[in-house]
Amino acid sequence: MATQRSLPPGPGGRWGVNTLLAFQRDPLTFLTGVRRSYGEIARIRMLGRDVFLFSRPEYAHYFLVDHAQNFTSGGDRDVLKRLLGEALLTTDGEVHRRQRRLVQPAFHRKRVESYAETMTGQTQQMLDQWSVGDEVDLAAALQELTLRIIVQSLFDLDLQTQGTQISQLFTTVAESNNPGLVGSMLARFGLGEDQRARLARAGLDQFVYDLINTRRADDRDHGDVLSMLLAARDEDGAEMNDQQVRDQTMTLIAAGHETTSNALSWTFYLLSQHPDKYDALCAEVERVLGGRTATVADLPQLRYLDGVISEAMRIYPPAWTLNRRALDAFELGGYSFPAGTRAVISQWVIHHLPEVWGDPEVFRPERWTPEFRQGLPKGAYFPFGAGPRICIGLPLAEMEARLLLATIVQRFTPRVVPGWPVEPRPRVTLRMRHGMRVRLDRAEALAPVARASTARLP
Ligand code: HEM
């Protein structure tokens, strides 16, 4: 096809103030609406700048995989850099490649599998504090749990009493920061972060630096990521300074807990809306585990559970949008784009395309048969991204989400408190605006502990 000269259609007029406000108000509805009104490539004018929304699976594949080397990861990363410094998520090119090689061994399958007991063990500890009939904020509880798990797995540290506090500091920072497009614009003007968030960030820094100092002082190889980072040398034999170790550590902790806890919170939400699917899940867990603690070896048999999590991450992708910026000019979909073009590829939009999914709004775990997975067009489903920047924590996150879900449903049935407003709040990840208050009912797939305690109930 001959390349056209005109720009793609899209909203925003000359300055794009209204688009900024609409995006700020409700980014998910805004992006879905842009796709519906303007098609697969849309130009969004925002505060005098253009960004382009590419909403077709093959375009996602183009940016993330086939032509990944022509795109940096956003360019609009002021918000993330404020918290994470210069580490995996926030660097490009050779620096990124070197860091990735350094951190990768921590995520090899065998290594990751050794974290399984920490995952189920920490979950059991959380569940031991709960009783049938209690009401809890499940979103907050899961965030704290995944934080404990990541810190213990990767940094060999049991958070014990600090867990709640550190988790709340992360929430304060995450809540105060606007996502990608808008956040970066506000950050350019020194706006967008209030005093509470700055203090929370300082608190997190203190926590991570203390962790590094303690470990430097002890000088023993703990066989974990922190030991690896401290022992690492670059080509000139230089070790990382505290700031560099801090940036990697903060990145792994931040990227490694909120996404997973969001995935699980949304999974429980969807399950509580679909009791029949919940029953099917519990029946499978009971059949496969018969009350035992789940292990990595059980996961291949938990096929329905796998479909539940895949489907939940389709409908509510914890990473809901990716930003890219072109190094060189490129042509796509009949248009020419100059170097510097800002592209948005949204999991939220592509995971809900009717032409790909047929019934995108329906929660249907059964759709995830091996044949269905194989038949999906490239770029249609990418909760973990794709290509050279694909989530480094993917094996850990997939295993964790599955083990935690199996372990929790063996002990309790969390039911969302009637009338509780569950709404997405898209920040850097897809959070829940008001958390999620649930009532803990008896488990349907019973574990021995639950059997014993239910036996005593009237
Ligand atoms: C359900 C859970 C998770 C989801 C949905 C998720 C999603 C993602 C996505 C979409 C990216 C790609 C970003 C891009 O292309 O710009 C990414 C990157 C990354 N994730 Fe995850 N993630 C999850 C869990 C984890 C965990 C458990 C860890 C660490 C323990 C982790 C660490 C990272 C890091 C370090 C990167 C940057 C990789 C790079 O740029 O090379 N994530 N994640």
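The model shown is predicted, which means the values in this text are computed figures rather than measured ones.

Colleague: What is the right way to read the overall build of the protein chain from this model?
Modeller: From N to C terminus, the protein chain includes 20 helices and twelve strands. A globule of 458 residues ought to have a C-alpha radius of gyration of about 23 Å, and the protein chain, at 22 Å, matches this closely. Considering only C-alpha atoms, the protein chain reaches an extent of 75 × 55 × 40 Å along its principal axes. Across the 458 residues that make up the protein chain, the buried fraction comes to 54%. Within the protein chain, contacts between residues separated by at least 24 positions form 75% of all contacts whose residues are at least 6 apart in sequence. Put simply, the protein chain shows about 20000 Å² of open surface, and 51% of that area lies on carbon and sulfur atoms. Side chains of the protein chain give 54 positive and 54 negative charges; the mean places of these two sets differ by 4 Å.

Colleague: How do you make sense of the pattern of salt bridges when you look at a structure like this?
Modeller: Working definition: two side chains of opposite charge can pair if their charged atoms are close together. Counted under the stated rule, the structure contains 29 salt bridges. Among the salt bridges present, the one from Glu 135 reaches Arg 437, with a minimum N-O distance of 3.4 Å. A residue pair is termed long-range when its members are at least 10 positions apart, and Glu 135 in strand β4 (residues 135-137) and Arg 437 in strand β12 (residues 437-442) qualify at 302 residues. Judged by its relative accessible area of 41%, Glu 135 is partly exposed. In this structure, the salt-bridge partner of Arg 433 is Glu 423, at a minimum N-O distance of 3.1 Å. With Arg 433 in the loop between β11 (430-432) and β12 and Glu 423 in the loop between β9 (412-416) and β10 (424-426), this residue pair connects regions lying ten residues apart in the sequence.

Colleague: I'm lost on the sheet that holds strand β8 (residues 342-345) in this one. Help?
Modeller: Overall, mixed pairing links the five strands, which are arranged β1-β2-β8-β5-β3 in an open sheet. Single-partner strands in this sheet number two, and they are β1 (41-46) and β3 (71-72). In terms of strand pairing, strand β5 (residues 322-326) meets β8 through four bridges, oriented antiparallel. If you follow Arg 324 over to β8, its bridge partner there is Ala 343. Taken strand by strand, helix α2 (residues 27-38) contacts β1 and β2 (49-54), and its axis lies near 130 degrees from that of β1. Where helix α3 (residues 57-66) meets the sheet, its contacts fall on β1, β2, β3, β5 and β8, and the angle it forms with β8 comes to roughly 125 degrees.

Colleague: Help me understand the packing of helix α13 (residues 242-273) against helix α19 (residues 394-411), please; the structure alone is not making it clear to me.
Modeller: Helix-helix packing: each pair is described by the crossing angle between the helix axes and the interaxial distance. Contact geometry for α13 and α19: axes closest at 10 Å, N-to-C directions at 40 degrees. Regarding the angle of α13 to α19, the classification is oblique. Viewed along their axes, α13 and α19 form a crossing whose handedness is right-handed. Contacts between α13 and α19 involve Thr 260, Leu 264, Thr 267, Phe 268 and Leu 271 on the former and, on the latter, Ala 397, Glu 400, Ala 401, Leu 404, Leu 405, Ile 408 and Val 409.

Colleague: Looking at this structure, I do not really get α13. What am I missing?
Modeller: Along an α-helix, residues three or four apart share an orientation, since each turn contains 3.6 residues. Counted at 1.5 Å a residue, the expected span for α13 with its 32 residues is 46 Å, and the 47 Å between its end C-alpha atoms agrees. Within α13, 25 of the 32 residues are buried, leaving the element largely enclosed by the surrounding structure. The opening residue of α13, the one whose side-chain oxygen lies 3.1 Å from the backbone nitrogen of Gln 243, is Asn 241.

Colleague: It is not clear to me how the coordination of the iron atom of the ligand should be interpreted in this structure. Could you clarify?
Modeller: Octahedral metal centres with six donors ideally show angles of 90 or 180 degrees, and tetrahedral centres with four donors ideally show 109.5 degrees. Just one protein atom coordinates the iron atom of the ligand, and that atom is Cys 391 (SG), at 2.3 Å. Its place among the elements puts Cys 391 in the loop between α18 (370-375) and α19.

Colleague: Which parts of the structure should I look at to understand the packing of aromatic side chains?
Modeller: Using the criterion set out here, one finds 23 aromatic pairs in the structure. On the basis of an interplanar angle of 35 degrees and a centroid distance of 6.1 Å, the ring pair of Tyr 62 and Phe 330 is categorised as tilted. Of this pair, Tyr 62 sits in helix α3 while Phe 330 sits in strand β6 (residues 330-332); the two residues are 268 residues apart in sequence, bridging distant segments of the chain. Pair check on accessibility: Tyr 62 and Phe 330 agree, each one buried. What links up through ring pairs into an aromatic cluster is the set Phe 52, Phe 54, Tyr 59, Tyr 62, Phe 63, Phe 71, Phe 330, Tyr 335 and Phe 337. The residue whose ring lies beneath Arg 56 is Tyr 59, and the NZ or CZ to ring-centre distance is 5.5 Å. Across the ring face of Trp 357, the terminal group of Arg 314 is positioned such that the distance to the ring centre comes to 5.1 Å.

Colleague: Help me understand the sheet that holds β9 in this model?
Modeller: Two pairing modes exist for strands in a sheet, parallel and antiparallel, and in both the strands are linked by backbone hydrogen bonds. Pairing is antiparallel in the open sheet, where three strands are placed in the order β4-β12-β9. This sheet does not close on itself; its edge strands, each paired only once, are β4 and β9. The mean angle between the axes of side-by-side strands here comes to 40 degrees, regardless of whether they run parallel or antiparallel. Across three bridges, the pairing between β4 and β12 is antiparallel. Paired with Asp 137 across the strands is Arg 437, a residue of β12.

Colleague: Help me understand the site of the ligand in this model?
Modeller: Taken together, 28 residues sit near the ligand, with His 96, Arg 100, Arg 324, Arg 389 and Cys 391 positioned nearest. One nitrogen or oxygen atom from the side chain of Arg 324 is found 2.8 Å from an oxygen atom belonging to the ligand. For the ligand, an oxygen atom lies 3.2 Å from a polar atom in the side chain of Arg 389. Those elements giving two or more residues to the shell around the ligand turn out to be α5 (93-103), α8 (138-155), α13, β5 and α19. Of the residues assigned to the shell around the ligand, the class counts are 17 nonpolar, eight polar and three charged.

The rules behind these values
- Throughout, residues of each chain are indexed from 1 in the direction in which the sequence is written.
- Only residues with pLDDT of 70 or above have their local features reported here, since the model is predicted, and side-chain atom pairs are shown and tallied only from 80 upward, although totals for entire chains, interfaces and linings are computed over all residues.
- Processing note: side-chain calculations cover all non-hydrogen atoms of the structure and skip hydrogens and water entirely.
- Each helix is a run of DSSP H or I of at least 4 residues and each strand a run of E of at least 2, with the numbering of both proceeding from the N terminus.
- C-alpha atoms define the radius of gyration, and 2.2 Å times the number of residues to the power 0.38 defines the globule rule.
- Burial classes follow relative accessibility: with a 1.4 Å probe on protein chains only, a residue under 20% of its type's maximum area counts as buried, one over 50% as exposed, and anything between as partly exposed.
- Two residues qualify as a contact provided that any one of their heavy atoms is within 4.5 Å of a heavy atom in the partner residue.
- The accessible surface values rely on the Shrake-Rupley method and a 1.4 Å probe; as for residues, cover is taken only from the protein chains in view.
- His is not counted here, nor are the chain ends, while Lys and Arg score as positive and Asp and Glu score as negative.
- Charged side chains are reduced to one point each, which is NZ for Lys, CZ for Arg, CG for Asp and CD for Glu.
- What counts as a salt bridge is simple: a side-chain nitrogen of Lys or Arg found within 4 Å of a carboxyl oxygen of Asp or Glu.
- Paired strands are those between which DSSP finds at least two bridges.
- With axes taken as lines fitted to C-alpha atoms, and helix axes fitted only over the stretch in contact, angles between N-to-C directions fall between 0 and 180 degrees.
- In what follows, roughly perpendicular refers to angles from 65 to 115 degrees, roughly parallel to angles under 35, roughly antiparallel to angles over 145, and oblique to any angle outside these ranges.
- Note on convention: the crossing is left-handed when the near helix lies turned anticlockwise from the far helix by less than a right angle, right-handed when the turn is clockwise.
- To estimate how far a helix should extend, the number of its residues minus one is multiplied by 1.5 Å.
- Two N or O atoms count as a polar contact when they lie within 3.5 Å, although within protein this holds only if one can serve as hydrogen donor and the other as acceptor, and sequence-adjacent residues are included solely when both atoms are side-chain atoms.
- Distances define the donors: N, O and S atoms within 2.8 Å of the metal qualify, as do those within 3.2 Å of Na, K or Ca. Water is excluded, so some sites may look unfinished.
- Pairing of aromatic rings covers Phe, Tyr and Trp, the last through its six-membered ring, and needs centres within 6.5 Å; plane angles under 30 degrees mean stacked, over 60 mean edge-to-face, and all others mean tilted.
- A positively charged side chain is recorded as over a ring if its NZ (Lys) or CZ (Arg) lies within 6 Å of the ring centre. The angle to the ring normal must also be within 35 degrees.
- Throughout this document, a residue counts as near a molecule or strand when at least one of its heavy atoms sits within 4 Å of that molecule or strand.
- Basically, the charged four are Asp, Glu, Lys and Arg, the nonpolar ten are Ala, Val, Leu, Ile, Met, Phe, Trp, Tyr, Cys and Pro, and anything else, Gly included, counts as polar.

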